[in-house]
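Below, each chain spelled out in residue letters.
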Amino acid sequence: MAGVKAFNFKVVLLGEGAVGKTSLVIRYIEDKFNDKHVSTLQAHFSTKKVNIDNTRVNLAIWDTAGQERFHALGPIYYRDSNGAVLVYDITDEDSFQRVKNWVKELRKTLKDEVSLAIVGNKMDLEKSRVVPLQDAEDYSKSVGAKHYQTSAKTNKGIDDMFRDLSKRMVEQAKNKPAATPTSSRTVLAGRSDILVSDTIPEAQPKTGCCS
Amino acid sequence: MFSKKKPSKIHIETVKMCKNKCGFYGNVQWQGYCSSCWREYNRENLKKTNHKTLPIPKQIVGIDESSDVPKSSPKTERKRRLKDVLKRKIDGKDSQEDRVNPYAQLTESLGKSKKDGALEILKKTRNVVDKIKSGITVENSSDIVQELYNSVAEKLETENAFIKLNMSERRTILDKLEKCVCQLTYSEVFSPPDDEQEDLTLQNRIRSLHWLNAQLLDAGIDETKPAASEALDSAIHAIVDLNSKQTPSDKLECIMLCSQHIMTALKASSDQPVSADNFLPALIFVVLRANPPLLKSNESYIMRFASPERLGSGEQAYYFTNLSGALQFIAQLDADSLSMPYEEFERYMRGEAIPGDPGKVYGCEQLRLMKLNFTVLEELLVGQKSLANEVEMLQTDMINFEQDFRRKLTEVIEKTPISLKKPIAPDAETPTDGSMLPSPLIPQSTGTLASIPVTTCFTGSTFEIDNSDETPSLL
C-alpha cells in the first residue's frame, strides 16, 4: 500500500451469543442471509474494502465468542482495535446490558481512540421489541457512541452502519495519526511489558497510513 | 591439529610413572596417569564421558575452561563463538548452512536495491544478531529486534536506495529480515528459563484438565462423525508441529493450519456457519487434547519476535489472538466458567470423578468403534426380528389366501355345474381300414365365415371346428 493513501482498520464485533453477530457479518461480506445458515462461509474473521471519499479503507472484522464465560478474554481481542461494533438483540434486555458492560470496558482501556457503534439487531421483530429505541439512542449519545438499527434478515441498515463507522474511524485516524493501526506494533498482544522505545514513535506516523 | 611440541613432550614424559603410584607407567596424554587409573579418574571427575576411546585431554580441558569462565570478557566471548562455529562445522553441514543461508537470502532479496542501502541493512542486521548472541536478556533482544524491523521498514519506505522496489518486494525483504534474525538467534532467545517454567505450569494445568470434553466446553464438535474426528486429529497434529518451526512466520502458519482444520471439523459437525462462538471453544478443546510442548514459550516467542505487520489486524493475528485467548481461558478456568457447581469441579480436578459420558466421547478410537458397532448390531437384531415377524405374517397370509381361494373356487363350481354330453362311442364293428371314413373335407369358400361363433359342436362322430385359431377351453 505504499504511496496509496489507505487505512487499515481493525473492527471488533462484540455482543452476546445469538444476537446475530455472525449473520450480520455474513450479510455484510457476502450479502447473504439464510434462516437455516446453510453456508460454507466462515464468519469469524473477514475483510472488506470500503471507499470513503476516495480514501481506501480496509476493514478487518474480528468476531468474538459471545458466551459469558469468555467475557474475561475481551481485552486481548479488542486491544488495538479502531472500531467496535456492539450488537444487541432488540427483543432481549440482557443483551443490551451486556453491551453497556462492553462499552464501559472499552472506554476504560481504549479511551476515546475507538469508535463505537451500538447496533440493535433484529429490527424485523419490531413487534416483540423490549429495548425501547429512545433509551438505546439516549444511552449511545451519553457514551459518545452512535446507535444504529439493523436487520440481518431483511438486510437493513448493515451497509450504512459499517460505512458510517468507517467514516468515523477515518476522521479519528486523521486527527490522531498515532492511532492508525500500525501503531499497534509497539503494543503487542499479551505482552505484559509494553515496548516503549524512544525511537519507535518516530517511525509510527510514516508507516502508519501506508504499511 | 597436533603442534610440533606435543609429540616431543609425550616422548620426554612417557618415562614417568603413574601419578597414582600403581606401578604402571603414566602418560602425559592421560595427565600422568596410567590407562586404568586415568579411566577411573575420568569416571569420577568427568562423568559425562562414556567413551572407550580416550579423549584428547587438552581439548576437554579447553572446553571446560571456557564454559566456566563468565561471558563478560570479550576475549573469551570471541573464543566461544569461534568454537561454536567450529563445533557446527563438525556437527554437520546442515547447521552450517543454517548459519550462512539466512544472510544470503536476505542479500538476495535486497538485490534490486542500491548497494550501499543493502549493505547498511545487512550491517544493522549483523549488529543486532551479534548483540543478541552476546547474551543480553530476552526482553532487550525483543526490543532491539523490533527496533530493527521498524527502522528497516522506514528505510524501505523513505530512502532513495530502495525507490525501485515495489510493495511485494519490500514485504519480501521484511520477511527475509525476520527469518534471518530469528533463525540466527533462535537458540539464544527461544524459551528462556522463565518461559520454561510457565510451559511446565501450563502443561500440568492441561493435564489436570484431562477430563474436560467437547460437550462441557460447548465446542460443537461431533466426534462421532468420521470427517470431524479426522479434521480434529489434523488440527492437533498442526498445533503440536508449532514447536518444530523456527521462525515466527512458520509458527503462525502452523496456527493458521490448525485453525483451518478446526473449521473443517466444525463444518463437518453441523450445518451452521463457523462463528467465533464455536470456534474459540473448539480451539480450547484442541489445545487441551494436544497439550503441545512449550506452548507458552512459543506464544511469547511469536509476540516478541514476529514482525509488527503479522500481529496487526490480519488473519494470522486473529488466529494468534484466539490461541492467546484459549491459553488465558485454560489458565483461568474454574467452575464458573464451565457453569458447574464448585464441588463438582473440584472433584473432577482431584480426579475423584469423571464427567458423565454423554455417549459421544471415548477414551480411544477403538472403544468408540466398539460402541458404534454395538449399536449397529442392536439395530440389526431388531431389524431381523421384525423381518422374521413379517415373514411369518406373509406365510399365514399365503395360507389364508390359498384356503380362501379354494373355498371360493368350490363355491363357484358348485353354483355353476357344467354337464357335458357324452360323446357317442364308436361302433365296435366298424372296420379299421378306413373305408368307412367320410370323404376328405373340401375347402369351401363361405362369405359368412367370420360370423361363425366360437363354439364346438359335437355332432355324431364328426366334428367341425371353426376357422379361429383359439382352441376352446373347457374349464
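Residues numbered from 1 in each chain as written. Chains lettered and ligands numbered in written order. Predicted model: local features only at pLDDT ≥ 70, side-chain atom pairs only at ≥ 80, totals over all residues. Heavy atoms only, no water.

All right, on to the overall build of chain B then. Scanning chain B for helices and strands turns up 17 helices and 2 strands. Put simply, chain B has 475 residues, and 35% of those count as buried. A separation of at least 24 residues holds for 65% of the contacts in chain B among residues at least 6 apart in sequence. Roughly 30900 Å² of accessible area belongs to chain B as shown, and the carbon and sulfur atoms make up 56% of that amount. (Helix = DSSP H or I, 4+ residues; strand = E, 2+ residues; numbered from the N terminus. Buried < 20%, exposed > 50% of the residue type's maximum accessible area, 1.4 Å probe, protein only. Contact = heavy atoms within 4.5 Å. Areas by Shrake-Rupley, 256 points an atom, 1.4 Å probe, with all protein chains shown as cover.)

Residue and element names in this part refer to chain B. Across all of its chains, the model carries 17 salt bridges over all chains by this definition. Measuring nitrogen to oxygen at the nearest pair gives 2.9 Å for the salt bridge that ties Lys155 to Glu120. Of the two residues, Lys155 is situated in helix α7 (residues 138-158) and Glu120 in helix α6 (residues 115-133); the sequence distance between them amounts to 35 residues. Given a relative accessible area of 35%, Glu120 falls into the partly exposed group. The shortest N-O distance in the salt bridge between Glu139 and Arg304 comes to 3.3 Å. Of the two residues, Glu139 is situated in helix α7 and Arg304 in helix α14 (residues 295-305); the sequence distance between them amounts to 165 residues. (Salt bridge = Lys/Arg side-chain N within 4 Å of Asp/Glu carboxyl O.)

Here we take up a negative patch on the surface. Residues and elements named next belong to chain A. Negative charge collects at one region of the surface, where Glu93, Asp94, Asp135, Glu137 and Asp138 lie side by side. At the level of elements, α3 (93-110) and α4 (133-142) are the ones that each hand at least two residues to the negative patch. If you tally residues by element for the negative patch, the top one is α4, at 3 residues. Relative to the helices and strands, Asp138 resides in helix α4. For Asp138, a relative accessible area of 42% translates into the label partly exposed. (Patch = residues over 30% accessible without salt bridge, like charges linked within 9 Å, V, L, I, M, F, W, Y side chains within 5 Å. Lys, Arg positive; Asp, Glu negative; His and termini not counted. Charge placed at Lys NZ, Arg CZ, Asp CG, Glu CD.)

Here we come to the confidence of the model for chain B. Residues and elements named next belong to chain B. In the predicted model, chain B carries a mean pLDDT of 75, and 74% of its residues have values of at least 70. Counting interchain partners and residues more than four positions distant, the pLDDT-below-50 stretch residues 49-99 has 35 contacts. The low-confidence segment residues 454-466 (pLDDT under 50) makes 10 contacts with residues lying over four places distant or belonging to another chain. Model confidence for the complex: the whole-complex pTM is 0.63, and ipTM, which rates the interface, is 0.78. (pLDDT = per-residue confidence, 0-100.)

Moving on to the environment of Thr201(B). Here Thr201(B) lies in helix α9 (residues 193-208). Here the alpha-carbon distance between Thr201(B) and Lys296(B), two residues 95 residues apart in the chain, equals 9.4 Å.

Residues and elements named next belong to chain A. Mean pLDDT over chain A stands at 77; residues scoring 70 or higher make up 75%. Of all secondary-structure elements in chain A, the lowest mean pLDDT belongs to helix α6 (residues 200-208), at 41, while strand β4 (residues 83-89) reaches the highest, 92. Segment residues 36-40: pLDDT under 50, and 8 contacts once partners within four positions in sequence are set aside and those in other chains are kept. Contacts for the low-pLDDT stretch residues 179-211, under 50 throughout, to residues beyond four places or in other chains number 59 contacts.

In this structure, Lys10(A) sits in strand β1 (residues 6-15). Buried Lys10(A), no salt bridge; nearest opposite-charge side chain is Asp80(A), N-O distance 5.6 Å. Ignoring sequence-local partners within four residues, the contact set of Lys10(A) consists of Ala60(A), Trp62(A), Tyr77(A), Tyr78(A), Arg79(A), Asp80(A), Ser81(A), Asn82(A), Gly83(A) and Ser313(B).

Right, let's get into the sheet that holds β1(A). Residue and element names in this part refer to chain A. If you trace the 6 strands from one edge of the open sheet to the other, you get β2-β3-β1-β4-β5-β6, paired in mixed fashion. One side of each edge strand has no neighbouring strand; the edge strands of this open sheet are β2 (45-52) and β6 (146-149). On average, each strand axis in the sheet is inclined to that of its neighbour by 25°, with strand direction left out of account. Sheet strands in contact with α4 are β4, β5 (115-121) and β6, and its direction is about 150° off that of β6. (Pairing = 2+ DSSP bridges. Axes fitted to C-alpha atoms, helices over the stretch in contact; angles between N-to-C directions.)

Turning next to the packing of helix α12 (residues 248-269) of chain B against α14(B). Residues and elements named next belong to chain B. Packing of α12 against α14 leaves a shortest axis separation of 10 Å and a crossing angle of 125°. On the basis of the axis angle, α12 is oblique to α14. In this structure, the crossing between α12 and α14 has a hand that is left-handed. Here Pro248, Lys251, Leu252 and Ile255 of α12 come into contact with α14, specifically with Asn298, Tyr301, Ile302 and Phe305. Here the contact of α12 with α14 is composed, by residue class, of 6 nonpolar, 1 polar and 1 charged. (Parallel < 35°, antiparallel > 145°, perpendicular 65-115°, else oblique. Left-handed = near helix turned anticlockwise from the far one by under 90°. Nonpolar A, V, L, I, M, F, W, Y, C, P; charged D, E, K, R; others polar.)

All names here are of chain B. Residues Leu367, Met370, Phe374, Val376, Leu377 and Leu380 make up a contiguous nonpolar surface patch of roughly 580 Å² in combined accessible area. Along the polypeptide, Leu380 turns up in helix α17 (residues 365-415). By relative accessible area, Leu380 is classed as exposed at 52%.

A word on the nonpolar core. Across soluble globular proteins, nonpolar side chains have a tendency to be buried as a group. By size, the foremost hydrophobic cluster in this structure holds 86 residues, and its most contacted members are Leu86(A), Leu217(B), Ile262(B) and Ile284(B). Per-element tally for this core: the top contributor is helix α13 (residues 276-290) of chain B, with 11 residues. Excluding anything up to four places from it in sequence, Ile284(B) contacts Phe70(A), Leu217(B), Ala326(B), Phe329(B) and Ile330(B). Counting 32 residues, the second largest nonpolar core, distinct from the first, contains Val145(B), Val152(B), Val181(B) and Tyr301(B). (Core = buried A, V, L, I, M, F, W, Y, C linked by side-chain atoms within 4.5 Å.)

A separate point is the pairing of β2(A). One ladder, built from 8 bridges, connects β2(A) with strand β3 (residues 55-63) of chain A; its direction is antiparallel. Paired with Ser46(A) across the two strands is Ile61(A), which belongs to β3(A).

All names here are of chain A. Summed over the entire model, instances satisfying the criterion amount to 16 aromatic pairs over all chains. Note on Tyr28 and Phe162: the rings are 4.0 Å apart at their centroids and 15° apart in plane angle, and the pair reads as stacked. Of this pair, Tyr28 sits in helix α1 (residues 21-30) while Phe162 sits in helix α5 (residues 158-175), and the two are 134 residues apart along the sequence. The burial state of Tyr28 is the same as that of Phe162; both residues are buried. (Phe/Tyr/Trp six-rings, centres within 6.5 Å; stacked < 30°, edge-to-face > 60°.)

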